[in-house]
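Below are the chains, spelled out letter by letter.
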Amino acid sequence: MTQADTIHSKDYRVHAGDKVKLKHWPTRVDPYYGSKSQYKEILENHVAQLSAQQHMHYASNQYAVLLIFQAMDAAGKDGAIRHVMSGINPQGCQVFSSKHPSATELQHDFLWRGTRNLPERGHIGIFNRSYYEEVLIARVHPEILRSESLPDALKRGKDVWHERYRSIRHLEQHLHCNGTRIVKFYLHLSKEEQRKRFLERIDEPEKNWKFSQADLIERKFWPQYMKAYEKCLSATSTKNAPWYVIPADDKENARLIISRIVLDTFESLKMSYPKASAQRRRELLDIRKELAK
């Protein structure tokens, strides 16, 4: 047994009904690798298995898989997606990043732009930030909610967040019942580690583009964001669409944990390649005879 064999998805899962207190969830755990070379070896093994699973997933064409990533700035979402999904055939995978909503998107319900980008059967969809922004940043910054074209009564209503949580749960249950498997990752970064990564982005010229004054401004709202995440994770982690809280202070360790959870998700689908019917086999054998001449 290797260190990687001790990664258990359930250790990071938020179970339905849990009341999340993020101070009780670690931002760093003992590494599942003993050296950088071992980390690369383990990740390459996970990536190879994921590639094989995706090939079968595409061929069987029964399920869709949606992976959602949420985190504070500099938590490593982009790197995790890039490294974990590096062996995936891009024809069967799409990544969508949630930016500031357009004028058109603001004229629709808050789930509209997310549902437009849902993966089809046989495909993997990745949301780098998602419709969850509407119960996170919009909760920390109420002016965002006020900018949306909602009836005044809804903007002022104290139940707006509970209603949005309910809408999300209902959407995700609907998707599950129609063959979409949803896995949600919250990359749990400490405030001190974020400070270090921000300094790296300033000190290393090739990373300057990653940092802006807006990042520093958002950092000042850290307590509010932690509270918003706690309420969100508590309200929307369900049996069929669970949240996983990933210790993110160690980027490499986080990638190994995420890749293991994604692998477990695919393996739980118990997929197989489609079997040809007897008639189809006869057709193929006839074609083979022609080709062999």
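For the structure itself, consult the block above.
This structure is a prediction, so every number in the text was calculated from the model and none was measured.

A.B. asks: Quick question: what am I supposed to make of the environment of Lys36 here?
C.D. replies: Among the secondary structure elements, Lys36 is positioned in helix α1 (residues 36-60). C-alpha separation for the pair Lys36 and Ile202, spaced 166 residues apart in sequence, amounts to 25 Å. There is a polar contact of 3.0 Å between the side chain of Lys36 and the side chain of Glu252.

A.B. asks: Hey, could you run me through the pattern of salt bridges in this one?
C.D. replies: Side-chain pairs of opposite charge can arise where the charged atoms are in close proximity. Scanning all chains against the criterion turns up 19 salt bridges. Between Asp11 and Lys10 there is a salt bridge, and its shortest N-O distance comes to 3.5 Å. The salt bridge involving Arg260 is made with Glu267; its shortest N-O contact spans 3.4 Å.

A.B. asks: Just to check I follow, could you spell out the packing of aromatic side chains for this structure?
C.D. replies: The full count for this structure, using the stated rule, is 9 aromatic pairs. For the pair Phe185 and Tyr244, a centre-to-centre distance of 6.2 Å together with 35 degrees between the ring planes defines the contact as tilted. On the criterion of sequence distance, the pair formed by Phe185 in strand β5 (residues 180-188) and Tyr244 in strand β6 (residues 243-247) is long-range, its members being 59 residues apart. The pair formed by Phe185 and Tyr244 is uniform in burial state, with each residue classed as buried. Site record: aromatic cluster; members linked through ring pairs are Phe96, Phe127, Tyr131, Tyr132 and Trp243. Of note, Arg116 hangs over the ring of Trp112, and the distance from its end group to the ring centre comes to 4.1 Å. Above the ring of Phe110, the side-chain terminus of Arg164 is found at 4.6 Å from the ring centroid.

A.B. asks: Please clarify how the packing of helix α7 (residues 160-177) against helix α10 (residues 222-236) should be interpreted in this entry.
C.D. replies: A pair of packed helices is captured by two measures, namely the crossing angle of their axes and the spacing between those axes. It is at 10 Å that the axes of α7 and α10 come closest, and there the two elements cross at 40 degrees. The orientation of α7 relative to α10 falls into the category oblique. Handedness of the crossing formed by α7 with α10: right-handed. Residues Tyr165, Ile168, Arg169 and Glu172 of α7 form the contact with α10, whose own contacting residues are Ala228, Lys231, Cys232, Ala235 and Thr236.

A.B. asks: Help me out: how do you make sense of the pairing of β5 in this one?
C.D. replies: Extensive coverage of β5 is indicated by the burial of 9 of its 9 residues. Note: strand β2 (residues 64-71) against β5, 8 bridges, orientation parallel. Looking across to β5, one finds that Leu66 is bridged to Ile182. Relative to β6, β5 runs parallel, the two being bridged by 5 bridges. In the strand pairing of β6, His188 is matched with Pro247.

A.B. asks: What am I meant to see in the sheet that holds strand β1 (residues 13-14) here?
C.D. replies: If you walk across this open sheet you meet the 6 strands as β1-β6-β5-β2-β4-β3, and the pairing is mixed. Strands at the two margins of the open sheet, each flanked by one partner only, are β1 and β3 (93-97). Across 2 bridges, the pairing between β1 and β6 is antiparallel. When the sheet's bridge partners are listed, Arg13 is paired in β6 with Tyr244.

A.B. asks: Explain unusual backbone geometry to me, please; I cannot follow it from the model alone.
C.D. replies: Note: most residues except glycine have negative phi, and most peptide bonds are trans. A positive phi angle, close to 75 degrees, is found at Ala74, a residue other than glycine. Mapped onto the elements of the fold, Ala74 is located in the loop between β2 and α2 (77-84). Here Arg129, not a glycine, exhibits a phi torsion of approximately 70 degrees, which is positive. As for its position among the elements, Arg129 is in the loop between β4 (124-128) and α4 (137-140).

A.B. asks: Honestly, the nonpolar core in this entry has me stumped. Any pointers?
C.D. replies: Note on soluble globular proteins: their nonpolar side chains tend to be buried together. With 40 residues, the main nonpolar core has Leu67, Ile124, Phe185, Ile246 and Ile258 as its most contacted residues. Listing elements by their share of this core, those giving two or more residues are α1, β2, α2, β4, β5, β6 and α11 (251-268). Among the elements that take part in this core, α11 stands out by supplying 8 residues, more than any other. In this structure Phe185 touches Leu67, Ile68, Phe69, Gln70, Trp243, Tyr244, Ile246, Ile258, Ile261 and Val262, once residues within four positions along its chain are discounted.

A.B. asks: Sorry, what's going on with α11 here?
C.D. replies: For α11, with 18 residues, the first-to-last C-alpha span of 26 Å sits near the 26 Å given by 1.5 Å per residue. For α11, a buried count of 14 out of 18 residues is recorded, marking the element as mostly surrounded by other parts of the structure. The backbone nitrogen of Glu252 lies 3.1 Å from a side-chain oxygen of the residue at the head of α11, namely Asp250. Positive backbone phi, approximately 50 degrees, marks Lys270, located one or two places after α11.

A.B. asks: Is there a simple way to think about the side chain of Ser190 in this case?
C.D. replies: Inspection of the secondary structure puts Ser190 in the loop between β5 and α8 (191-203). A polar contact is formed between the side chain of Ser190 and the side chain of Asp249, at a distance of 3.0 Å. Dropping the residues within four chain positions of it, Ser190 is found in contact with Thr27, Trp222 and Asp249.

Reading the values: the criteria
Along each chain, residue indices are assigned from 1 in the same order as the chain's sequence is written. Restriction of local features to residues with pLDDT of at least 70 applies here, the model being predicted, together with a cutoff of 80 or more for giving and counting side-chain atom pairs; totals for whole chains, interfaces and linings are based on all residues. No hydrogens and no water enter the side-chain calculation; it runs on all heavy atoms of the structure. Labels follow the DSSP assignment, with helices taken as runs of H or I lasting at least four residues and strands as runs of E lasting at least two, numbered in each case from the N terminus. Definition of a polar contact: a pair of N or O atoms within 3.5 Å, with one able to donate and the other able to accept a hydrogen when the atoms are protein atoms, and with sequence-neighbouring residues admitted only if both atoms are side-chain atoms. Any carboxyl oxygen of Asp or Glu within 4 Å of a side-chain nitrogen of Lys or Arg constitutes a salt bridge here. The rule is short: rings of Phe, Tyr and Trp, with Trp giving its six-membered ring, pair when the centres are within 6.5 Å, and they are stacked under 30 degrees, edge-to-face over 60, tilted in between. Think of it in three bands: residues with accessible area under 20% of the maximum for their type are buried, residues over 50% are exposed, and the middle band is partly exposed, with areas taken using a 1.4 Å probe on protein chains only. Either the NZ atom of lysine or the CZ atom of arginine qualifies as a charge over a ring when it sits within 6 Å of the ring centre and within 35 degrees of the ring normal. The axes are straight lines fitted to the C-alpha atoms, using for helices just the contacting stretch, and the angles between their N-to-C directions are given from 0 to 180°. An angle counts as roughly parallel when it lies under 35 degrees, as roughly antiparallel when it exceeds 145, as roughly perpendicular when it falls between 65 and 115, and as oblique in every other case. A clockwise turn of the near helix away from the far one marks a right-handed crossing, whereas an anticlockwise turn of less than a right angle marks a left-handed crossing. Two residues form a contact once any of their heavy atoms are found within 4.5 Å. Only strands that DSSP links by at least two bridges are regarded as paired with each other. What makes a nonpolar core is a set of buried Ala, Val, Leu, Ile, Met, Phe, Trp, Tyr and Cys residues whose side-chain atoms join them at distances within 4.5 Å. Given the number of residues in a helix, its expected span is that number minus one, multiplied by 1.5 Å.

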